[in-house]
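Chain by chain, the residues run as shown.
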Amino acid sequence: MVHAPPRAPAGAPPVRINLYSDTQTRPTPAMKAAMMEAAVGDEQHGDDPTVHELCDRMAALMGKEAAVFLPSGTMCNVIAILTHCGKGDEVLAHETSHILHSEGGTHAALTGVQIMPLRGPRGMFSVDELRAGIRQRSRYAPPQRLLEVEQTANIGGGAVWPLATLNELVAVAREQGWATHMDGARLMNACVASAIGPAEMTAGFDSVWLDFTKGLGAPLGAVLCGSAEFIGQAWRWKQRLGGSMRQAGICAAACLYSLDHHVERLAEDHANARALARGLAQIEGVVVEEPDTNLVFFDIAGTGVAAEALQSRLLERGVAVSLLGGRVRACTHLDVTAAMIPEAVAAVREALAA
Ligand SMILES: *Cc1c(COP(=O)(O)O)cnc(C)c1O
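Criteria and thresholds
- Counting from 1, residues in each chain are numbered in the order their sequence is written.
- Local features in a predicted model are, by the rule used here, given only for residues with pLDDT of at least 70; side-chain atom pairs are given and counted only at 80 or more, and totals for whole chains, interfaces and linings are based on all residues.
- No hydrogens and no water enter the side-chain calculation; it runs on all heavy atoms of the structure.
- Both site types are read off a 1 Å grid over the protein atoms alone. A 1.4 Å probe that fits but cannot get out defines a cavity, while an open set with protein on both sides within 12 Å along at least five of seven lines defines a pocket; lining residues have an atom within 4 Å of a point.
- Grid points are joined across faces, edges and corners, and a volume is the space filled by probe spheres set on the points.
- Residues are sorted three ways: Asp, Glu, Lys and Arg are charged, Ala, Val, Leu, Ile, Met, Phe, Trp, Tyr, Cys and Pro are nonpolar, and all the rest, Gly among them, are polar.
- A run of H or I in DSSP becomes a helix once it reaches four residues, and a run of E becomes a strand once it reaches two; helices and strands are each numbered from the N terminus.
- To estimate the expected span of a helix, count its residues, drop one, and scale the result by 1.5 Å.
- Buried, partly exposed and exposed residues are distinguished by accessible area as a fraction of the type maximum, computed with a 1.4 Å probe on protein chains only: under 20%, between the cut-offs, and over 50%, respectively.
- Should DSSP find at least two bridges between two strands, the strands are regarded as paired.
- Every axis in this analysis is a line fitted to C-alpha atoms, fitted for helices over the stretch in contact. Angles between the N-to-C directions lie between 0 and 180 degrees.
- Only heavy atoms matter for contacts: two residues are in contact if any of them lie within 4.5 Å across the pair.
- Polar contacts, as used here, are pairs of N or O atoms within 3.5 Å; protein pairs need one atom able to donate a hydrogen and one able to accept it. Residues neighboring in sequence count only if both atoms are side-chain atoms.
- By convention, orient the strands away from the viewer: a clockwise path from the first strand over the helix to the second makes the crossover right-handed.
- Here a residue counts as near a molecule or strand whenever at least one of its heavy atoms sits within 4 Å of it.
- The accessible surface values rely on the Shrake-Rupley method and a 1.4 Å probe; as for residues, cover is taken only from the protein chains in view.
- Counted as salt bridges are all cases of a side-chain nitrogen of Lys or Arg within 4 Å of a carboxyl oxygen of Asp or Glu.

Once that is clear, we can look at empty space enclosed by the protein. All chains considered together, the criterion is met by 5 cavities of 30 Å³ or more. Space inside the largest cavity adds up to approximately 60 Å³. Around the largest cavity, the lining residues are His98, Glu150, Gln151, Thr152, Asn154, Asp183, Ala185, Arg186, Trp209 and Lys214. Tallied by class, residues from the lining of the largest cavity come to 2 nonpolar, 4 polar and 4 charged.

The next thing to look at is helix α3 (residues 73-84). Given 3.6 residues to a turn, an α-helix orients residues that are three or four positions apart in the same direction. Between its first and last C-alpha, α3 extends 16 Å over 12 residues, near the 16 Å set by a 1.5 Å rise per residue. Of all the residues in α3, the buried ones are Gly73, Met75, Cys76, Asn77, Val78, Ile79, Ala80, Ile81, Leu82, Thr83 and His84.

On the basis of which strands lie adjacent, the open sheet formed by 7 strands has the order β2-β8-β7-β6-β5-β3-β4 and mixed pairing. Of all the strands in the sheet, the pair left with one neighbour each is β2 (66-70) and β4 (114-118). Ignoring strand direction, the axes of neighbouring strands in this sheet form an average angle of 20 degrees. Pairing between strand β3 (residues 90-94) and strand β5 (residues 144-150): 3 bridges, direction parallel. In the sheet register, Val91 faces β5, and the bridge partner there is Leu146. Packing against the sheet, helix α2 (residues 49-62) makes contact with β2, β7 (207-211) and β8 (222-226), and its axis sits at approximately 130 degrees to β2. α3 contacts β2, β5, β6 (179-184), β7 and β8 of the sheet and is inclined by roughly 175 degrees relative to β6.

Turning next to the sheet that holds strand β10 (residues 295-299). Taken in spatial order, the 4 strands make up an open sheet running β9-β10-β13-β12, and their pairing is antiparallel. Each of the sheet's edge strands pairs with one partner strand only, and the pair in question is β9 (287-288) and β12 (322-324). Across 4 bridges, β10 lies against strand β13 (residues 327-331) in antiparallel orientation. If you follow Phe297 over to β13, its bridge partner there is Arg329. Contacting β9, β10 and β13, helix α12 (residues 266-281) crosses the sheet at an angle of about 15 degrees to β10. Relative to β12, helix α13 (residues 307-316) is tilted by about 165 degrees, and along the sheet it contacts β10, β12 and β13.

In this structure, Ser244 sits in the loop between α10 (228-241) and α11 (249-261). On the basis of relative accessibility, which here comes to 12%, the residue Ser244 falls in the buried class. Among the polar contacts listed, one links the side chain of Ser244 to the side chain of Gln239, at a separation of 2.6 Å. Those residues in contact with Ser244 that lie beyond four places of it in its chain are Glu43, Gln44, Trp235, Lys238 and Gln239.

Let us look at the pairing of β6. Here β6 lies mainly inside the structure; 6 of its 6 residues are buried. Inspection of the sheet shows β5 paired to β6 by 5 bridges, in the parallel sense. Of the residues in β6, the one forming a bridge with Glu150 is Asp183. Handedness of the β5-helix α7 (residues 163-176)-β6 crossover: right-handed. Pairing geometry for β6 and β7, over 4 bridges, is parallel. Note that in β7 the partner of Met182 across the bridge is Val208.

The next thing to look at is the layout of surface pockets. What the second largest pocket holds in volume is close to 160 Å³. Lining the second largest pocket, in full, are Arg135, Gln136, Arg137, Ser138, Ala141, Pro142, Pro143, Gln144, Arg145, Gln176, Gly177 and Trp178.

On to the site of the ligand, then. The local shell around the ligand holds 14 residues, among which Gly73, Thr74, Asp183, Asp211 and Lys214 are the closest. In the model, a nitrogen atom of the ligand is placed 2.6 Å from a nitrogen or oxygen of the Asp183 side chain. Measuring from an oxygen atom of the ligand, one finds a side-chain N or O atom of Arg186 at 2.9 Å. When the ligand is considered free in solution it has 380 Å² of accessible area, and contact with the protein chains removes 86% of it.

Our next topic: the side chain of Thr202. Position of Thr202 among the secondary structure elements: in the loop between α9 (198-201) and β7. Among the polar contacts made by the side chain of Thr202, one reaches the main-chain carbonyl oxygen of Pro198 at a distance of 2.8 Å.

This brings us to the pattern of salt bridges. For the structure shown, the criterion picks out 15 salt bridges. A salt bridge links Asp260 to Arg57; the shortest N-O distance between them is 2.8 Å. Of this pair, Asp260 sits in helix α11 while Arg57 sits in helix α2; the two residues are 203 residues apart in sequence, bridging distant segments of the chain. For Glu289, the salt bridge goes to Arg327, with nearest N and O atoms at 2.5 Å. Here the residue Glu289 occupies a position in the loop between β9 and β10, and Arg327 occupies one in strand β13, the gap between them amounting to 38 residues. For Glu289, a relative accessible area of 29% gives the class partly exposed.

Right under this line is the structure:
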């Protein structure tokens, strides 16, 4: 569902306002300085002090026993599923989820699970929708093993699952004997937007991970958290998949820096996203979803301009956006300032009129 990154047409001006993704932030000079000074060791051998510091801090933050540092969020999902499930098991997840659409078919290719796609508005499903997905146990039915949710729901528009809903879903999972996994790529956005701490938000989940390369602005890394036993098994998969690293403390230092300096500021990204949505809503034919966090999805079908045309006309004006699930996505982050928002709105207005 995610398109290949667009290339600027030859002679196009450089991207001035990058709303393509919060993954495109560059490490700040202060973050780079923290990386330069990091104490390092052989991570694969268990000797990297900065990685230990990051994992200890993340386990405490998430209220879990243990944590493991991995190169990417995708590897966190793959390893969590490999650890919770066996081949032929079924995972219940939203029909727009990252594990279904953006992991290169890895669950058919590698984990061997099948995914039951659940429906519901804004990337979320209700307890009734989850209950409707419960299979009667029989030798015909795939064994259901895992409930997975994304906090925030990316294609759902960066929507924040209410804690009460999460707790209700977890109660159903417990009653069914399923494990629970949270894809927390943008968990901190959810926590800042709802003023609920990560340990409370993830209390019902057996495993949860946080991406440091989205709004937190680090160049590399994600941390998967869970029980000591779960993380021990996850380590075996990390080794098997080639995710064990060496002087990874250089990257863990950037993650630690982001926990200290880039979490509370996510509120600015959310304010910028709301301002962007308000501005876009003024343009005739544009239908905008009210953002909960830093992702602004809008539909331009009513303007008669194709989304691909808008994307390339915006690039000519130095503004990058992405196309996802038939809509345009504009994402605010560390490298997008409040002053850029009116400029971006003006660029969309011009590009649609061009
Ligand atoms: C980005 C993302 C991932 C994958 O993270 P990577 O670090 O890019 O591998 C997984 N789930 C969601 C919801 C994401 O937005």
